[in-house]
Amino acid sequence: MSLASRSRATRRPWLPLAIALGAVVLGAIFGFGMPAYVVFVSTSVLVAMVSLMGLGIVTGTAGMIALCQLSFGSIGAWILEFLYLKTPLPNVFGPLSFLLFMVIAGVITAALGLVIGLPALRLRGVNLAVITLGVAAAVDTTVQQIGFPDQSFAHIPRPFGLSSDPTGDRGYFLFAVIITVTIALGIYALQKSRIGAAWKSVAFSERGTASAGTSVRTAKLSAFALSAFVGGIAGCLIVGQITQVNYLTFTPINSLGLYVLSIVVGSQLIDMALFGGILFVVIPEILKQFRVPLEWSSVAFGILGIQALTSNSNLGTSVRAALFRRRRLMEASRADAAGDHAAVESVAEAPIPAGTGRPLLVVEHLTVEFGAVKALTDVSLVVEEGTILGLIGPNGAGKSTFVDAIGGFLPQHTGTAVLDGEPLAGLPPHRRARAGLRRTFQQDRVPPSMSVGAYLRFVTGGRADPAAISDALTFFGCPDAYTPLSVVDVGTRRLVEVAANLASRPKLLLLDEPAAGLSHDEHLAFADRLRRAPEHFGTTILIIEHDLDLVRSVCSQITVLNFGEILASGDRASVLNDPKVVSAYMGETEML
Ligand SMILES: Nc1ncnc2c1ncn2[C@@H]1O[C@H](COP(=O)(O)OP(=O)(O)OP(=O)(O)O)[C@@H](O)[C@H]1O
């Protein structure tokens, strides 16, 4: 049995639901069997876990900094109290009020999260941190000033008539378990969906996300909104737990501690959010037992944060990658012992693809300037359908600029580009991708947080079925769909990127140095696969490559750029023998 089929056999789609049901049963046993104090503290763990799961969406999954998660909790709690104490709605909805108000509070908080997420469209890193910390401070001050609606120390009734005494604590714990499990299931499902893949992709590369046909704006804003929704629900859960709240629960310093925990444990992973919730509650509880001032817990979180930020990893993903490597090693040694090896097929070398004669991409008078630098001057070229066109030239000749401009990443160019009769002018990158124009990048843009298969599903926009995904992976000799990209080397990740883009069967694929990082033998195999690709995937290819052996072996047409202008263009032999081209490659003539 191959590694791939072994992995497939271990897939159990019913498992999340079974774990969820098990967690609820365990929650009931725990809630009604444990001492009252343990149950109360465990409810706090669940509240912290919900907050961390919300934060995990925006930080761990979508890769943005958000230092105001407890502000969303504060807003959610405030709205819930307001609906209870200042409106007649509790009389209308009776025992269902808490649940209903919690959802309303979550939705309103999500809308505010959307607004707070707007700066994230332009800002990153420390700038976004400052903005979100500013939001936390502003919400904190506002809530201090206006106070929570329960200023007269009215208790908020718990859901379904549960009492506010320790007997009610047990029932409320079970309620909190059910809400937590429901949210965890929802987040898990979303992370497996296209929007979850977009979050993971945007965390690693906005350009890579757009070139896969996904709107960066939608990915970022939806992450913020959902994170705020979950944060708002966590705030409501606190109200139900202690039936009264004040602003001290939601201070910016607590938000900061929560953020640190989120990145330390990797709270985008559900089990790690639970672990983080335990740390968030238990560390201060232990300090309390030993009469150590609670402020020291911030120092403990700070030290953990420095460790996580400097090692650029988190506990959850490191443990998972280590487990995966160990499992694969064991599978490989079992396969060795059983002599279970795939036969190496020897196939005749494929010819260089001949085109249909129809122009697919027509570029006219393309000019790109970066201030005083003219990166491209009046470049016109035609890519014929069904061919592989090589775009070559010395460093700084303007090749990547050409791909960026055609891909929609440089709106400030002049000139026109028409793909299959459709003008591309004015279309943003993700719309060009949807119109059948895909590209790969010189730098690694393949998000390590996904599996190989999830990445292909994301790039193909769900249009490729499992058989098509497996075919594209086999075609390029990539690891199987269940392999985490975090354990794949950079050269192979570039192959996965090419396979994913071809599996989406675009009309035209622009490859920017796809073979960088491959060994000599891998280069030869890659060249052969590339020659077969136009027919296999129905895609025309334009390739930028410094390895002229590769260009010579796959391209029927070559265009040479030098100092942003076309130096030569035409069939392979005439271009490579052109004296102008030879002199432009002075010092590299042995390559020609
Ligand atoms: N964002 C930018 N701002 C200013 N100048 C730029 C920018 N991007 C590219 N350039 C300049 O434009 C010119 C063309 O660069 P480009 O990266 O397109 O060349 P290239 O042929 O792809 O080079 P290489 O083979 O090294 O990747 C170079 O002079 C480069 O310095």
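Residues numbered from 1 in each chain as written. Predicted model: local features only at pLDDT ≥ 70, side-chain atom pairs only at ≥ 80, totals over all residues.

The chain goes by Branched-chain amino acid ABC transporter ATP-binding protein/permease in an unreviewed UniProt entry, where it is assigned to Galbitalea soli. Word for word, the UniProt comment on the chain under Subcellular location (unreviewed entry) is "Cell membrane". (UniProt positions renumbered as here; feature names shortened; annotations may be inferred.)

1. Remarks on the overall build of the chain
In terms of helices and strands, the chain carries 24 helices and 10 strands. Its C-alpha atoms give the chain principal-axis dimensions of about 90 × 65 × 45 Å. Counting only residues that meet the buried cut, the chain has 45% of its 592 residues in that class. Counted over contacts in the chain with a minimum sequence separation of 6, partners at least 24 positions apart contribute 75%. (Helix = DSSP H or I, 4+ residues; strand = E, 2+ residues; numbered from the N terminus. Buried ≥ 20, exposed ≤ 12 C-beta atoms within 10 Å, placed from the backbone. Contact = placed C-beta atoms within 7 Å.)

2. Focus on the sheet that holds strand 9 (residues 557-562)
With mixed pairing, 6 strands are arranged side by side in an open sheet as 6-7-8-3-9-10. If you trace the sheet from one side to the other, it starts and ends with strand 6 (437-439) and strand 10 (565-571), each paired once. Shown here is a sheet whose adjacent strand axes are inclined to one another by a mean of 15°, direction ignored. Here strand 6 pairs with strand 7 (residues 508-512) via 3 bridges, running parallel. The residue bridging Arg438 from the neighbouring strand is Leu509, located in strand 7. The sheet strands contacting helix 16 (residues 399-407) are strand 3 (388-392), strand 6, strand 7, strand 8 (540-544) and strand 9, and the helix crosses strand 7 at an angle near 145°. (Pairing = 2+ DSSP bridges. Axes fitted to C-alpha atoms, helices over the stretch in contact; angles between N-to-C directions.)

3. Observations regarding the domain arrangement of the chain
Segmenting the chain into domains produces domain 1 (15-321) and domain 2 (359-436 + 506-591). Measuring from the centre of the C-alpha atoms in domain 1 to the corresponding centre in domain 2 gives 48 Å. Taken together, the contact between domain 1 and domain 2 spans 7 residues of the former and 6 residues of the latter. Of the residues belonging to the side of domain 1 that touches domain 2, the class tally is 2 nonpolar, 4 polar and 1 charged. (Domains from an automatic or database assignment. Nonpolar A, V, L, I, M, F, W, Y, C, P; charged D, E, K, R; others polar.)

4. Observations concerning the pairing of strand 1 (residues 359-370)
Pairing of strand 1 with strand 2 (residues 373-384) involves 8 bridges; the strand directions are antiparallel. Across the sheet, Val363 pairs through a bridge with Leu381, a residue of strand 2. Between strand 1 and strand 2, which follow one another and run antiparallel, lie 2 residues, and Gly371 among them has a positive phi close to 60°. Relative to strand 4 (residues 414-419), strand 1 runs antiparallel, the two sharing 5 bridges. For Val362, the partnering residue across the bridge sits in strand 4 and is Val418.

5. A closer look at the pairing of strand 7
In terms of burial, strand 7 is largely enclosed, as 5 of its 5 residues are buried. By the alternation rule, side chains of strand 7 split into Leu508, Leu510 and Asp512 and Leu509 and Leu511, which are all buried. Pairing of strand 7 with strand 8, which is carried by 5 bridges, proceeds in the parallel orientation. Bridge pairing in strand 8 places Leu508 opposite Thr540.

6. Notes on the site of the ligand
Close contacts around the ligand come from Phe370, Val373, Ala375, Gly393, Asn395, Gly396, Ala397, Gly398, Lys399, Ser400 and Thr401, and that covers them all. Looking at the shell around the ligand, the elements with two or more residues in it are strand 2 and helix 16. Ranked by residue count, the leading element in the shell around the ligand is helix 16, at 3 residues. (Near = placed C-beta within 6 Å.)

7. Quick look at the nonpolar core
Within the largest apolar cluster, 165 residues are counted, with the highest numbers of intra-cluster contacts made by Val50, Met53, Leu80, Ile233, Tyr455, Leu456 and Ala499. The biggest single contributor to this core is helix 11 (residues 216-242), with 15 residues. Leaving out residues up to four positions away in the same chain, Tyr455 has contacts with Val446, Pro447, Met450, Leu485, Val496 and Ala500. (Core = buried A, V, L, I, M, F, W, Y, C linked by C-beta atoms within 7 Å.)

8. Things to note about the packing of helix 3 (residues 36-61) against helix 12 (residues 252-265)
Running from amino to carboxyl end, helix 3 crosses helix 12 at an angle of 70°, the nearest separation of the two axes being 9 Å. Compared by their axis directions, helix 3 and helix 12 come out roughly perpendicular. You can see that helix 3 and helix 12 cross each other, and the crossing is right-handed. Residues Ser51, Leu52, Leu55, Gly56, Thr59 and Gly60 of helix 3 lie in contact with helix 12, whose contacting residues are Leu258, Tyr259, Leu261, Ser262 and Ile263. Per-class residue counts for the contact of helix 3 with helix 12 are 6 nonpolar, 5 polar and no charged. (Parallel < 35°, antiparallel > 145°, perpendicular 65-115°, else oblique. Left-handed = near helix turned anticlockwise from the far one by under 90°.)

9. Side note on the UniProt feature "transmembrane region" (unreviewed entry) in the chain
As annotated by UniProt and renumbered to match this structure, "transmembrane region" (unreviewed entry) occupies residues 12-30, 36-58, 65-85, 97-121, 128-148, 172-190, 223-244 and 256-283. The span residues 65-85 is 81% helical and 0% strand by assignment, and the distance between its end C-alpha atoms comes to 35 Å. The annotated region residues 223-244 carries 91% helix and 0% strand content, and the separation between its end C-alpha atoms amounts to 30 Å.

10. Some points on helix 3
Across its 26 residues, helix 3 extends 36 Å between first and last C-alpha, which sits within 8% of the 38 Å expected from 1.5 Å per residue. When the local axis directions of helix 3 are compared, the greatest deviation, roughly 40°, occurs at Leu55. Buried residues dominate helix 3, accounting for 20 of its 26 residues. Downstream of helix 3 by one or two residues, Gly63 has phi in the positive range, about 70°. (Expected span 1.5 Å × (residues − 1). Bend = angle between axes of the 7 residues up to and from the residue.)

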